[in-house]
Structures are given as C-alpha cells and as structure tokens.
Amino acid sequence: MELHSRSTAAIAEAAVLQTEAMTSVGTVRTFDTDEGWGVIDGPDVPGGCWVSFSAIAVEGYRELAPGQHVSFRAEAANQDGFAYRAVKVWTGAIEPPDQ
C-alpha cells in the first residue's frame, strides 16, 4: 500500500510541475498580425509554442516578426495543436514587470 501512495504522490507532483510556467529563449517561427497569434520555436518547447498577442510584454502595438529572438515563459497546454502556450514574451535581456 505504501508503494501505491508514493507513486500517486509522484504523479501528482509531476502534474504540478507541468502546469508551472518555464522561462526559455527561442525564435519566432511565424506571427499573423491580423489574427494576433503565432509560434515560437525553442529547445524547451518541442514542436513549437503557441503565442497570443496578449502575452507580448511591450508598450504599444503587440506583434512579433519571424526570425525575431525572444525570451518567454510557457506552460504545458493543448492550444491549437501545440503542447505549449506562451504566458509572457519579451525581447529585451531583462524580463519586464507584469502589468
């Protein structure tokens, strides 16, 4: 019985870790300004990370350009066929404060 409770605890802990956002770097694969979403590629997000304009932390008009290098926080999610969703994206060396 103790083995079962340990494995259940390990599964629960893994589920918590997967829902926490991870910080990574990557390159914008594509971004559709008309639709307001795109995809970021990086070593920590196999298959790409879906990103909405609302996750882009910049002043003014929020858009990204293909080939642009970015830093981002992502969470595991099933978003439009992608296993990851960006929760915050920025272009500078320092993460801007949440607004």
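Our structure's up above, just so we're on the same page.
Residues numbered from 1 in each chain as written. Predicted model: local features only at pLDDT ≥ 70, side-chain atom pairs only at ≥ 80, totals over all residues. Heavy atoms only, no water.

(A) Spatial organisation of the overall build of the chain. Assigned secondary structure in the chain consists of one helix and five strands. Scanning the chain from its N terminus toward the C terminus, one meets helices and strands in the order α-β-β-β-β-β. Here the chain, with 99 residues, has 30% of them falling under the buried criterion. Here the analysis covers contacts within the chain between residues at least 6 apart in sequence; of these, 49% occur between residues at least 24 apart. Roughly 6,300 Å² of accessible area belongs to the chain as shown, and the carbon and sulfur atoms make up 56% of that amount. (Helix = DSSP H or I, 4+ residues; strand = E, 2+ residues; numbered from the N terminus. Buried < 20%, exposed > 50% of the residue type's maximum accessible area, 1.4 Å probe, protein only. Contact = heavy atoms within 4.5 Å. Areas by Shrake-Rupley, 256 points an atom, 1.4 Å probe, with all protein chains shown as cover.)

(B) Geometry of the packing of aromatic side chains. Using the criterion set out here, one finds one aromatic pair in the structure. Ring centres 6.3 Å apart and planes at 20° place the aromatic pair Trp37 and Trp50 in the stacked group. On the criterion of sequence distance, the pair formed by Trp37 in strand β2 (residues 37-41) and Trp50 in strand β3 (residues 49-52) is long-range, its members being 13 residues apart. On the basis of relative accessibility, which here comes to 11%, the residue Trp50 falls in the buried class. (Phe/Tyr/Trp six-rings, centres within 6.5 Å; stacked < 30°, edge-to-face > 60°.)

(C) Region of interest: the pairing of strand β1 (residues 22-32). As paired strands, β1 and strand β4 (residues 69-79) are joined by six bridges and run antiparallel to one another. Opposite Thr27, over in β4, you have His69 as the bridge partner. Of the pairings in the sheet, the one linking β1 to β2 comprises five bridges and is antiparallel in character. The residue of β2 that forms the bridge with Thr27 is Asp41. Counted along the chain from β1 to the antiparallel partner β2, the turn is four residues long, and its residue Gly36 has a positive phi close to 80°. (Pairing = 2+ DSSP bridges.)

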